[in-house]
Amino acid sequence: MAGRILVADSQASNRILLKAKLSAAHYYVDFAEAAGDVVRLARAGRPDVVLVGLTGTLDEALSACRALRSDPATADIALIALAAANDQAARRAALEAGADDVLNAHCDDALLLARIRGLMRARYRNAEYGLHQDARDALGFAEAAPAFEGPGVIAIISDDTDRAETLSGMLAPHLRDTIITMTPSDLLDDVSMAVKPDVYIINTGPEARKEGLGLIADLRSHAEGRIAGILAVLDEGDAAGAVTALDLGADDVIGHPIDPIELVLRLRLQMRRKAQTERMRRQVSDGLRLAVTDPLTGLYNRRYALSHLSRIAAHAVETGQPFAVMVLDVDRFKRVNDTYGHVVGDAVLVEVARRIAGGLRAVDLVARLGGEEFLVVMPETSVEAARIAGERLRQAVAAQPFSAPGLPEPLALTVSIGVALGGSAGKNPADALVSLADRALYDAKAEGRNQVTFSQSAA
């Protein structure tokens, strides 16, 4: 099956007709004969799309739309309202109640199926972000959505200046967003424009219909247009153009004659979706960053460091260049925690991390392995270069006493460093190199601390 659709319509003839259309397209169809049953059935069946007919009792249908959107269990389900062809008031009301789109109850079959496909694609894409968000919530990284979103940018793309200005003038009284106009060639010449539109309105004339539809695909192939909303303005009755626009990646279509209020409602929906997508992408990005970094020092954590080390080792085999692995440990650090407490100890570790990072090249990696132990990976580094770098790091810690709130006076600290070398032969895997460097670290401790010691294989 292509997906599951719940049809809510009080008229049996409408339900039968929709079932025939959708079943022929291999969708599994459920029914809600009364609008009041929509939320209950949607919660139980988890459909991909809900179709709500507005040709019966309008208030009940609109209440069902609002209920679907207000229930967290059904809020993400795609919602299409089906209205009578000339019932503009019902169309506006359905959009205000949370419908993703409003189609004519007897619209072209291909248009209905294209709209369903487009909404299902968007839902699956957001569901992937949602999986990441579930993981963030479980780890305590959840971020509350902002209660207010500021004005956005709407770009009207048209090959006809008069057509663009007419549409801009139609929208301006109803929006506080910035509206810009440009030609298709202007856009393609500068897709990475300084001002990033939240929604693109493709408003080309009938003589440039093909080019206008092609512009949708062009926008979707560029980073700046990948998550922006795209709304195509088409001539009255151009169902084929609407189907093509939706399948090429448009989020919405509207035909002439345009109702300004309906267009504004559709644009606001696209603005909200864009903002939601950006929030989810930002949360995923933040979650990935948190998954690979140490929360105290901001350095990479052990998991990321070992993965990075494996890549460096593989690269060394390919290039024949040696690389160095260092394990650093703050000498007698337990005394700091025992004497001054963990708050002071944490402040000292943050400063140790800063000094280590400051003594390395941009291509080097430093990570916190845990506690007071750090790992440094230096690609394309010889034994002599590693010796110089290790000594530089040792001095960076020892040269200046540490100050922190809670310390009665600056505290002198040192580090011991163990070094292992990897090479083109690749005879030691990444974890073995860390073990070799760790053994060299223990040798440094045994020999009096505050020194750099190489493993026997690197000496």
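Look up: the structure comes first, before these words.
Just so you know, these numbers come straight off a predicted model, no measurement behind them. (Residues numbered from 1 in each chain as written. Predicted model: local features only at pLDDT ≥ 70, side-chain atom pairs only at ≥ 80, totals over all residues. Heavy atoms only, no water.)

Caption draft 1: Expanded view of empty space enclosed by the protein. Enumeration according to the criterion identifies two cavities of 30 Å³ or more in this entry. Approximately 70 Å³ is the volume found for the largest cavity. Contributing to the lining of the largest cavity are D9, N14, L17, L18, G53, T55, L82, A105 and H106. Sort the elements by how many residues they give to the lining of the largest cavity and helix α1 (residues 12–24) lands first, with three residues. Partitioned by chemical class, the residues of the lining of the largest cavity number four nonpolar, four polar and one charged. The computed volume of the second largest cavity comes to approximately 30 Å³. Contributing to the lining of the second largest cavity are I312, H315, A316, T319, Q321, P322, F323, P379 and E380. At four residues, the largest contribution of residues to the lining of the second largest cavity is made by helix α12 (residues 302–319). Of the residues contributing to the lining of the second largest cavity, the split by class is five nonpolar, three polar and one charged. (1 Å grid on protein atoms, 1.4 Å probe; cavity = no way out; pocket = protein on both sides within 12 Å on 5 of 7 lines; lining within 4 Å. Points joined across faces, edges and corners; volume = space filled by probe spheres on them. Helix = DSSP H or I, 4+ residues; strand = E, 2+ residues; numbered from the N terminus. Nonpolar A, V, L, I, M, F, W, Y, C, P; charged D, E, K, R; others polar.)

Caption draft 2: Fine view of the sheet that holds strand β13 (residues 365–370). Taken together, six strands build an open sheet; the order of strands is β11-β13-β14-β12-β15-β16 and the sheet is mixed. Both edges of this open sheet fall to β11 (300–301) and β16 (452–454), since each of them pairs with a single strand only. Bridging between β13 and strand β14 (residues 373–378) involves five bridges; their strand directions are antiparallel. Within the sheet, the bridge partner assigned to G370 lies in β14 and is E373. (Pairing = 2+ DSSP bridges.)

Caption draft 3: Seen up close, the packing of helix α8 (residues 209–220) against helix α10 (residues 239–248). In the contact formed by α8 and α10, the axes pass within 9 Å of each other and the chain directions differ by 15 degrees. Considering their axes alone, α8 and α10 lie roughly parallel with respect to each other. For the pair α8 and α10, the sense of crossing is right-handed. Along the contact surface, α8 presents R209, L213, I216, A217 and R220, while α10 presents A240, G241, T244, A245 and L248. Tallied by class, the residues present in the contact of α8 with α10 amount to six nonpolar, two polar and two charged. (Axes fitted to C-alpha atoms, helices over the stretch in contact; angles between N-to-C directions. Parallel < 35°, antiparallel > 145°, perpendicular 65-115°, else oblique. Left-handed = near helix turned anticlockwise from the far one by under 90°. Contact = heavy atoms within 4.5 Å.)

Caption draft 4: Summary view of the state of the cysteines. One pass over the full model with this rule turns up zero disulfides. Of the cysteine sulfurs around C65, a residue in no disulfide, the closest is that of C107, at 16 Å. Taking relative accessible area as the criterion, C65 reaches 0% and is therefore assigned buried. (Disulfide = S-S within 2.5 Å. Buried < 20%, exposed > 50% of the residue type's maximum accessible area, 1.4 Å probe, protein only.)

Caption draft 5: Fine view of the environment of P429. Assignment of secondary structure puts P429 in the loop between β15 (415–422) and α16 (430–446). Residue P429 is classed as partly exposed on the basis of its relative accessible area of 47%. Each C-alpha atom of the pair P429 and A314 lies 9.2 Å from the other, and the pair is 115 residues apart in sequence.

Caption draft 6: Focus on the pairing of strand β9 (residues 229–234). By the criterion of burial, β9 is predominantly enclosed, with six of the six residues buried. The two faces of β9 match: G229, L231 and V233 on one face and I230, A232 and L234 on the other face are all buried. As judged from the four bridges shared by strand β8 (residues 199–202) and β9, these two strands associate in the parallel manner. Counted as the bridge partner of Y200 is I230 from β9.

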